[in-house]
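Remarks on the overall topology
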Amino acid sequence: MNVIVMLVIVQFVIGLLFSFNVVNSSNQFMVQVYRSINALLEPVLGPIRRIMPDTGAIDFSPLVLIVLLQILLIILSSVPY
């Protein structure tokens, strides 16, 4: 679960770097990393995006995924062995 949270954070940061032109979108390495992370996370984020209402340009599905994973982690850690 922690790996998924880290991938969501990395995806968010790379998206911000592209948005603010810190990293040029012609940088093929970064584009491939971003696409790979998107391909890994889309099966998880897609259903969340379909359930959530449209908020325009802001995508809250990564935030919802992180919150849900943290709740699941708390629940699983409280289950006795």
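Right, let's walk through the structure included here. None of these values were measured; they are calculated from a predicted model.

Considerations on the overall build of the protein
Across its full length, the protein holds three helices and zero strands. Of the regular secondary structure in the protein, the N- to C-terminal order runs α-α-α. Relative to the globule expectation of 12 Å for 81 residues, the C-alpha radius of gyration of the protein, 15 Å, shows a markedly less compact shape. Taking the principal axes of its C-alpha atoms as reference, the protein extends roughly 50 × 30 × 20 Å. In the protein, the share of contacts with a sequence separation of at least 24, taken over all contacts with a separation of at least 6, comes to 46%. Accessible area for the protein stands at about 6000 Å²; split by element, carbon and sulfur atoms hold 71% of it.

As for a nonpolar patch on the surface
On the surface, Met1, Ile58, Phe60, Leu63, Val67, Leu68, Ile71, Leu72, Leu73, Ile75, Leu76 and Val79 cluster together to form a nonpolar patch covering roughly 1000 Å² of accessible area. Inspection of the secondary structure puts Leu73 in helix α3 (residues 61-78). Take Leu73: its relative accessible area is 33%, and that puts it in the partly exposed class.

A look at the pattern of salt bridges
Evaluated as defined, the whole model comprises two salt bridges. Here Arg49 ties to Glu42 by a salt bridge, and the two come within 2.8 Å at their closest N and O atoms. Overall, Arg49 belongs to the partly exposed group, its relative accessible area being 31%. The residue Asp59 makes a salt bridge to Arg49 at a minimum N-O spacing of 3.0 Å. Within this pair, whereas Asp59 is found in the loop between α2 (28-51) and α3, its partner Arg49 is found in helix α2, the two being separated by 10 residues in sequence.

Conventions used here
Residues numbered from 1 in each chain as written. Predicted model: local features only at pLDDT ≥ 70, side-chain atom pairs only at ≥ 80, totals over all residues. Heavy atoms only, no water. Helix = DSSP H or I, 4+ residues; strand = E, 2+ residues; numbered from the N terminus. Rg over C-alpha atoms; globule rule 2.2 N^0.38 Å. Contact = heavy atoms within 4.5 Å. Areas by Shrake-Rupley, 256 points an atom, 1.4 Å probe, with all protein chains shown as cover. Patch = residues over 30% accessible without salt bridge, like charges linked within 9 Å, V, L, I, M, F, W, Y side chains within 5 Å. Salt bridge = Lys/Arg side-chain N within 4 Å of Asp/Glu carboxyl O. Buried < 20%, exposed > 50% of the residue type's maximum accessible area, 1.4 Å probe, protein only.

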